[in-house]
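Notes for the structure review
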Amino acid sequence: MKKLLLVIMLNLLATSVVYADDFDWAGWYVGAELGHNELQGNWKNRQAFNPDGSVPVATFTGLVADSSADLNSNGTIGGINVGYNWVVLPQWVVGVEAKWLIADHDKDIDFIPGLDPSGNSSAKITVKDGAALKIKGGYLVNTETMLYASTGIVYQRIRTEGSCPADTFVCNPALGNRKSSDNQNYLGWTLGAGVERAFAEHWIGRLDYAYTNFESNDFTALQFENGASFGSEAKLNPDSHSLTVGVGYKF
């Protein structure tokens, strides 16, 4: 996917024909983009619970203290953006941009961190939609090509799920399959860079890279069942990398 995006954008840059002397980078624009997103997260057990709700004092059957798992969820991400640019010097541009992020990709692991890995429990994270607000600083290589850097804030919806069958290791067979899930908005800061090139009188192509570091959030990985099954409170600490190709219309 990432190689394909680079090929598409390089071909666009190489073959574009614009009205170079007439193109004005200042003003409003809207656009859309599509590309690859990788969310990296560490799912860490904060605290395991005995079936009676007490905190275990040692590792024993059913519990594995202080365990964690690294998750890499790869998938497609899209975006719709609107922004405004100011040309502050002949070759320098500053701007602001708001973006709606569209994503839906997930990753499974074969046990809930903090609970007995010899059982059949499982954990899952799903990356959902989000939004970003960025400021940009650009340098005009020529009248039709701009290199830029960006920074700002991002929020992303991430769903965490824990599932536990009746396996006698973690969940009581009498309870059947049990699940816990949590949807939270993760807030983070982002740094990015890219290139934009005008290829028609009002049209701009874009190749954009962004790194985002999110705050960590606590959640219930599996709710303990009083007198019956173990449970776990967990923390997810995610960050992400995205590479997208986009097209925009400059008013």
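Residues numbered from 1 in each chain as written. Predicted model: local features only at pLDDT ≥ 70, side-chain atom pairs only at ≥ 80, totals over all residues. Heavy atoms only, no water.

The next thing to look at is the overall build of the protein. Assigned secondary structure in the protein consists of one helix and 10 strands. Listed by position from the N terminus, the elements making up the protein come as α-β-β-β-β-β-β-β-β-β-β. For the protein, the proportion of its 251 residues judged to be buried stands at 48%. For the protein, restricting intrachain contacts to residue pairs at least 6 apart in sequence, the fraction spanning at least 24 positions comes to 74%. (Helix = DSSP H or I, 4+ residues; strand = E, 2+ residues; numbered from the N terminus. Buried < 20%, exposed > 50% of the residue type's maximum accessible area, 1.4 Å probe, protein only. Contact = heavy atoms within 4.5 Å.)

Turning next to the side chain of Asp 208. Among the secondary structure elements, Asp 208 is positioned in strand S8 (residues 203-214). It turns out Asp 208 is buried and unbridged, and the closest side chain with the opposite charge, Lys 134, is 4.3 Å from it. Polar contacts involving the side chain of Asp 208 include one to the side chain of Tyr 148, which spans 2.5 Å. Look past the residues within four positions of Asp 208 in its chain and what remains in contact with it is Lys 99, Lys 134, Tyr 148, Ala 193, Gly 194, Ser 242, Leu 243 and Thr 244. (Lys, Arg positive; Asp, Glu negative; His and termini not counted. Salt bridge = Lys/Arg side-chain N within 4 Å of Asp/Glu carboxyl O. Polar contact = N/O pair within 3.5 Å; in protein donor to acceptor, adjacent residues only side chain to side chain.)

Among the structural elements, Asp 218 can be located in strand S9 (residues 217-222). Classification of Asp 218 as partly exposed rests on a relative accessible area of 38%. On a C-alpha basis, the gap between Asp 218 and Ala 234 in space is 5.7 Å, while along the polypeptide they are 16 residues apart. Among all residues touching Asp 218, those that are not within four sequence positions of it are Arg 46, Gln 184, Ala 234 and Lys 235.

A cluster of nonpolar side chains, contributed by Trp 86, Val 88, Leu 89, Trp 92, Val 94, Val 96, Ile 135, Tyr 139, Val 141 and Leu 147, occupies part of the molecular surface with about 900 Å² of accessible area. When residues of the nonpolar patch are traced back to their parent elements, those giving at least two are strand S2 (68-89), strand S3 (92-103) and strand S5 (122-142). Looking at the element boundaries, Ile 135 is found in strand S5. With relative accessibility at 51%, the residue Ile 135 sits in the exposed group. (Patch = residues over 30% accessible without salt bridge, like charges linked within 9 Å, V, L, I, M, F, W, Y side chains within 5 Å. Areas by Shrake-Rupley, 256 points an atom, 1.4 Å probe, with all protein chains shown as cover.)

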